[in-house]
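Listed here are the chains, written in short residue letters.
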Number of protein chains: 2
Amino acid sequence: MASVRKTDLSGATCPIARSLSDIGDWWSLLIVRDALAGMTRFSEFQRSLGCAKNILSARLAKLVEREVLTLAPASDGSAYSEYRLTEKGKALRVPLVALRQWGEEFLFEPDEERLGLVDKRDGLPVAPLALRAQDGRLLGPDDVQVSATLPEAGTVPDPA
Amino acid sequence: MASVRKTDLSGATCPIARSLSDIGDWWSLLIVRDALAGMTRFSEFQRSLGCAKNILSARLAKLVEREVLTLAPASDGSAYSEYRLTEKGKALRVPLVALRQWGEEFLFEPDEERLGLVDKRDGLPVAPLALRAQDGRLLGPDDVQVSATLPEAGTVPDPA
């Protein structure tokens, strides 16, 4: 049954369904989180996630198959291989930050310690992600609609 | 084993892990997607998702338990109950838009039809979500770091 669901969603016209089909399980997203934090080796992921090796192996293989990670010889010349994020993998930074900010707002007590994402320059937390129109206007829930179209690709702003 | 994972992650100091523990399965996020699109009834979700009724029941019950949805008498006075999003549920709009935009960029052929999120005013797709500092600067991957802190809550910009 899992494979039926997967097949259905991977061909969905809804990009959310397709994304969940591609990377939508905990372990995969937590692996990507760790890779974004600089981890590259099996042993590092294993230590961070504390999951069974066979589960981690399967998830890493799937992420390589989906071209979220690539497997490359270690940069230090050792016998170990390194998992590196592709552009597709690096782009998961934004959904992960969105999940992080949602969790921070709704799943922690105000005085509870948490791992926060901060701007290196001023040490302040990054601003909450916000929906904006192409011209920069902030968009509320009633300002947008889903439509079956072939949208022009938006331009990703280039960090200074 | 699933429950062991869940217990671990729900107490994690990482908000991403906690979020995934709270709402991190496909069906739950697709239900929230449909609720954000205006659906309120079991039959609507069932038609949209095409999943087995017992799975849908279990997921809806979990979302109510997690206070993402509330169950209320139907607004039209009929015998049916309505599932309505809480503030916590409505706030999942941002992670879902982030997943949507990632999927649009990496999981569709350029000429493939997809459901896009557009600004009602000008009909254009919403701009890609971007990380910004509190002062509005765009932040690239090297401009941020994760730190074990108790960040001040950022202020969510108020849509005009």
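Up top is the structure these notes are about.
In this text, all values refer to a predicted model and were calculated from it rather than measured experimentally.

Caption draft 1: Geometry of the relation of the copies chain B and chain A. For the pair chain B and chain A, the best superposition has an RMSD of 0.0 Å and corresponds to a rotation of 180° with a translation of 0.0 Å parallel to the axis. Expressed as a symmetry operation, the mapping of one chain copy onto the other fits a two-fold axis. Closest approach to the rotation axis among the C-alpha atoms of chain B is made by Pro95(B), whose C-alpha sits 2.8 Å away. By residue overlap, the copies meet face to face through one surface: 100% of the interface positions of chain B are interface positions in chain A.

Caption draft 2: Spotlight on the packing of helix α7 (residues 93-106) of chain A against helix α2 (residues 15-23) of chain B. Their axes nearest at 7 Å, the elements α7(A) and α2(B) cross at an angle of 80°. As summarised for this structure, α7(A) and α2(B) are arranged roughly perpendicular, according to the angle between their axes. The residues of α2(B) that touch α7(A), namely those facing Leu96(A), Leu99(A), Arg100(A), Trp102(A), Gly103(A) and Glu104(A), are Pro15(B), Ile16(B), Ser19(B), Leu20(B), Asp22(B) and Ile23(B). A breakdown of the residues in the contact of α7(A) with α2(B) according to their chemical character gives seven nonpolar, two polar and three charged.

Caption draft 3: The arrangement of the packing of helix α3 (residues 26-36) of chain A against α2(B) in detail. The geometry of α3(A) relative to α2(B) is characterised by a closest axis approach of 10 Å and an angle of 170° between their N-to-C directions. Considering their axes alone, α3(A) and α2(B) lie roughly antiparallel with respect to each other. Contact residues: α3(A) offers Trp26(A), Leu29(A), Leu30(A) and Arg33(A), while α2(B) offers Ile16(B), Ala17(B), Leu20(B) and Ser21(B). Its residues assigned to classes, the contact of α3(A) with α2(B) comprises six nonpolar, one polar and one charged.

About the cut-offs
Residues numbered from 1 in each chain as written. Chains lettered and ligands numbered in written order. Predicted model: local features only at pLDDT ≥ 70, side-chain atom pairs only at ≥ 80, totals over all residues. Heavy atoms only, no water. Least-squares fit on C-alpha atoms with pLDDT ≥ 70 in both. Contact = heavy atoms within 4.5 Å. Axes fitted to C-alpha atoms, helices over the stretch in contact; angles between N-to-C directions. Helix = DSSP H or I, 4+ residues; strand = E, 2+ residues; numbered from the N terminus. Parallel < 35°, antiparallel > 145°, perpendicular 65-115°, else oblique. Nonpolar A, V, L, I, M, F, W, Y, C, P; charged D, E, K, R; others polar.

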